[in-house]
Amino acid sequence: NMAEEAKKLAAYSAVDNNVQNNQAVGVGSGSTIVYAVDRLAERVRQEKLNIVCVPTSFQARQLILQHGLALSDLERHPELDVAIDGADEVDAQLTLIKGGGGCLTQEKIIAGNSKCFVVIADYRKDSSVLGEQWKKGVPIEVIPMAYVPVSRVIAKRFGGEVNLRMAVSKAGPVVTDNSNFILDWKFEDVQNWSEVNTAIKMIPGVVETGLFVNMAERAYFGMEDGSVKVRK
Ligand code: DER
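Just so we're clear, the structure is a prediction, and the values are computed from it rather than from any experiment.

Assigned secondary structure in the chain consists of six helices and 14 strands. On C-alpha atoms alone, the chain measures out to a radius of gyration of 17 Å, which is about the 17 Å that the 2.2 N^0.38 rule sets for 232 residues. Projected onto the principal axes, the alpha-carbon positions of the chain cover approximately 55 × 40 × 35 Å. A total of 232 residues make up the chain; the buried ones form 52% of that total.

Quick look at the sheet that holds strand β2 (residues 51–55) now. The strand order β3-β2-β1-β4-β7-β13-β14 describes an open sheet built from seven strands, whose pairing is mixed. Two strands in the sheet have a free side with no partner beyond their single neighbour: β3 (70–71) and β14 (228–231). Examined bridge by bridge, strand β1 (residues 23–27) and β2 share five bridges and lie parallel to one another. Within β2, the position partnered with Gly26 by the bridge is Val54.

Okay, the site of the ligand next. In the region of the ligand, 15 residues are neighbours, and Ser31, Thr32, Gly101, Glu107 and Lys125 sit closest. Contact between the ligand and Ser29: an oxygen atom at 2.8 Å from a main-chain N or O atom of the residue. Protein burial of the ligand: of its 350 Å² of free accessible surface, 91% is covered by the chains. Residues that form the shell around the ligand fall into these classes: one nonpolar, nine polar and five charged.

On to the nonpolar core, then. A general tendency of soluble globular proteins is for nonpolar side chains to be buried together. The biggest cluster of nonpolar side chains holds 26 residues, and the ones touching the most others in it are Val19, Val27, Ile33, Leu40, Ile84 and Ile120. Contacts of Ile120, omitting those with residues within four sequence positions, involve Ala10, Ala11, Ala14, Thr32, Ile33, Ala36, Ile84, Asp85, Gly86, Ala87 and Tyr220.

Glancing now at the sheet that holds strand β9 (residues 161–164). Within a sheet, neighbouring strands are paired by backbone hydrogen bonds and run either parallel or antiparallel to one another. In spatial order, the strands read β9-β10-β8-β11; together these four strands make up an open sheet with antiparallel pairing. A strand with exactly one partner marks an edge of an open sheet, and here the two such strands are β9 and β11 (206–209). Averaged over all pairs of adjacent strands, the angle between strand axes in this sheet comes to 25°, irrespective of strand direction. Contacts from helix α5 (residues 147–158) reach β8 (138–142), β9, β10 (181–186) and β11 within the one sheet, and its direction differs from that of β10 by about 15°. Contacts from helix α6 (residues 193–201) reach β8, β10 and β11 within the one sheet, and its direction differs from that of β11 by about 160°.

Below, the discussion takes up α5. Taking 1.5 Å as the rise per residue, α5 with twelve residues should run 16 Å; its terminal C-alpha atoms sit 16 Å apart, in good agreement. Val150, Ser151, Ile154 and Phe158 are the residues of α5 that are buried. Angularly, the buried residues of α5 cover 100° about the axis, an arc narrow enough to put them on a single face. Those residues of α5 that are exposed and aimed more than 90 degrees away from the buried face are Arg152 and Lys156. Where α5 is buried, its residues touch β8, β9, β10, α6 and β11. Gly159, located one to two residues past α5, shows a positive phi value of around 80°.

To continue, consider the state of the cysteines. In total, this model carries zero disulfides according to the counting rule given. Free cysteine Cys53: the closest other cysteine sulfur is in Cys116, separated by 15 Å.

In terms of burial, β10 is largely enclosed, as five of its six residues are buried. Relative to β10, β8 runs antiparallel, the two being bridged by five bridges. Bridge pairing links Ile140 to Leu183 in β10. One ladder, built from four bridges, connects β9 with β10; its direction is antiparallel. Among the inter-strand pairings, Glu161 is bridged to a residue of β10, identified as Lys186.

Time to look at the packing of aromatic side chains. All chains considered together, the criterion is met by six aromatic pairs. Members of the aromatic cluster, joined through ring pairs, are Phe158, Trp185, Phe187 and Trp193. Over the aromatic face of Phe212 sits the side chain of Lys108, whose NZ or CZ is 5.2 Å from the ring centroid.

Looking now at the confidence of the model for the chain. With 100% of its residues at a pLDDT of 70 or more, the chain has an overall mean of 98. In the predicted assembly, ipTM is 0.97 and pTM is 0.98.

About the criteria used
Residues numbered from 1 in each chain as written. Predicted model: local features only at pLDDT ≥ 70, side-chain atom pairs only at ≥ 80, totals over all residues. Heavy atoms only, no water. Helix = DSSP H or I, 4+ residues; strand = E, 2+ residues; numbered from the N terminus. Rg over C-alpha atoms; globule rule 2.2 N^0.38 Å. Buried < 20%, exposed > 50% of the residue type's maximum accessible area, 1.4 Å probe, protein only. Pairing = 2+ DSSP bridges. Near = heavy atom within 4 Å. Polar contact = N/O pair within 3.5 Å; in protein donor to acceptor, adjacent residues only side chain to side chain. Areas by Shrake-Rupley, 256 points an atom, 1.4 Å probe, with all protein chains shown as cover. Nonpolar A, V, L, I, M, F, W, Y, C, P; charged D, E, K, R; others polar. Core = buried A, V, L, I, M, F, W, Y, C linked by side-chain atoms within 4.5 Å. Contact = heavy atoms within 4.5 Å. Axes fitted to C-alpha atoms, helices over the stretch in contact; angles between N-to-C directions. Expected span 1.5 Å × (residues − 1). Arc of directions from axis to C-beta. Disulfide = S-S within 2.5 Å. Phe/Tyr/Trp six-rings, centres within 6.5 Å; stacked < 30°, edge-to-face > 60°. Lys NZ or Arg CZ within 6 Å of the ring centre and 35° of its normal. pLDDT = per-residue confidence, 0-100.

Right, here's the structure in full:
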């Protein structure tokens with residue numbers, strides 16, 4: 001369908017324009033990244049590219065292994081040449097909401113340790129302000145024993161509604177790759193995302209937020225008309 005085609009367009013364009021030989025590549029999580037891994041594997045086969053891939057989740061690790069790509073880690077490659085990942089929403093300043101797939105913590109670590117962090121997304125993520133299209137709020141990874149007080153502090157200080165993310169294929173809450181819980185903060189108004197990100201990070205029990213501020217170098221959007229739009 002159109003959105004899947006758009007994801008593929010963005011993924012291929014980003015891989016073809018940002019990955020070179022002898023690089024360490026951060027591999028994101030979600031559904032759009034699947035197309036990027038397909039393209040990486042195709043280019044390795046066709047061009048004999050020599051790259052290693054560092055995952056941002058169990059899912060990304062599986063994708064790397066299933067495609068026969070070289071798996072590595074931050075111990076061996078503490079500074080990646082490029083990281084490619086999806087997003088739930090991208091605003092005009094390239095501030096991202098990530099974490100729809102629950103992988104935000106390792107994704108932010110990889111993005112923060114890459115020379116160049118590139119976002120791939122379909123047109124539904126292409127917004128001017130956060131909250132325009134993405135209605136599920138900002139994901140926040142928390143230490144399980146603290147999720148109630150953290151929820152209360154966020155709602156009290158920043159407004160909106162905070163919900164514990166419940167699993168679909170498992171009884172009880174979603175448990176992340178890091179054995180934590182996820183809160184989804186449905187904010188009411190647009191905020192100073194840099195200040196809010198810092199403030200939320202400081203709350204005891206918060207592991208990471210899904211607000212990626214001033215991290216992305218550029219975003220590739222696959223559009224409905226088959227074109228690719230790049231935001232720098
Ligand atoms: O959970 C995540 O952060 C994913 O990267 C998400 O933001 C994008 O997932 P999608 O490509 O399936 O929309």
